[in-house]
Structures are given as structure tokens and as C-alpha cells.
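Understanding the architecture of this molecule
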Amino acid sequence: MGIVFALMSIRILLQKNGKFPNSHIGGNKALNDKGIYCATTQDKMARKQAITFKSLKLDTEYESNTTSC
């Protein structure tokens, strides 16, 4: 395991703008195009949808039958 890590480190140091590969689901463009995201992103999206409020439509008959004090 140490040898593999050392070889990856050497490769990253020798490359121009070398970075560790992004192995997270959110970094995979092909999966994102299919609508597959990481669990954290899916949770954020679900919470955002749950927060949206829908306006209620009251019947005009109901409003006319109410009495005010």
C-alpha cells in the first residue's frame, strides 16, 4: 500500500498542476449527467423540495359564509 501511495505521490509531483484524482461521486460528470449524485447532494435537494410551500385556494363560498366579530 505504501509503494502505491509513493508512486501516486511522485506522479502528482511531476505533473503540471498535479492533483489527486477526485473519486467522489459528485466529481463524476457522467453520473451527474444521468442525475446520480452523492448522498449529501441528494439530501440537500430533497430538503429544498420539502421546504417549498404551496398556496391554498379557498372557495369563495367558504369566505362568504364566515362571520367576523
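One structure accompanies this document, and this report is about it.

**Notes on the overall build of the protein chain**
- Of the regular secondary structure elements, the protein chain holds four helices and zero strands.
- Going from the N terminus to the C terminus, the protein chain shows its helices and strands as α-α-α-α.
- Of all 69 residues assigned to the protein chain, the portion counted as buried reaches 3%.
- In the form shown here, the protein chain has an accessible surface area of approximately 7,200 Å², with 59% of it arising from carbon and sulfur atoms.

**Looking at a nonpolar patch on the surface**
- On the surface, I3, L7, I10 and L14 cluster together into a nonpolar patch covering about 470 Å² of accessible area.
- Checked against the element boundaries, L7 lands in helix α1 (residues 2–14).
- Under the relative-accessibility criterion, L7 is labelled exposed at 54%.

**Re α1**
- Compared with an ideal rise of 1.5 Å per residue, which puts 13 residues at 18 Å, α1 spans 18 Å between its outermost C-alpha atoms and is within 8% of the ideal.
- Little of α1 sits out of view: just one of its 13 residues are buried.

**Concerning the pattern of salt bridges**
- Here the structure, examined in full by the defined rule, presents two salt bridges.
- The salt bridge involving K29 is made with D33; its shortest N-O contact spans 3.4 Å. Residue K29 and its partner D33 are located together in helix α2 (residues 29–33), separated by four residues, close to a single helical turn. Each member of the pair, K29 as well as D33, carries the same accessibility label: exposed.
- Of the charged contacts in the structure, one is a salt bridge between R47 and D43, with a shortest N-O distance of 3.0 Å. Pair noted here: R47 and D43 are both in helix α3 (residues 39–51), with a separation of four residues, about one helical turn.

**Brief notes about α3**
- An ideal rise of 1.5 Å per residue puts 18 Å on 13 residues; α3 measures up with 18 Å between its terminal C-alpha atoms.
- Here α3 lies mainly on the outside; zero of its 13 residues are buried.

About the criteria used
Residues numbered from 1 in each chain as written. Predicted model: local features only at pLDDT ≥ 70, side-chain atom pairs only at ≥ 80, totals over all residues. Heavy atoms only, no water. Helix = DSSP H or I, 4+ residues; strand = E, 2+ residues; numbered from the N terminus. Buried < 20%, exposed > 50% of the residue type's maximum accessible area, 1.4 Å probe, protein only. Areas by Shrake-Rupley, 256 points an atom, 1.4 Å probe, with all protein chains shown as cover. Patch = residues over 30% accessible without salt bridge, like charges linked within 9 Å, V, L, I, M, F, W, Y side chains within 5 Å. Salt bridge = Lys/Arg side-chain N within 4 Å of Asp/Glu carboxyl O. Expected span 1.5 Å × (residues − 1).

Everything listed is a geometric property; what it means functionally is a separate question.
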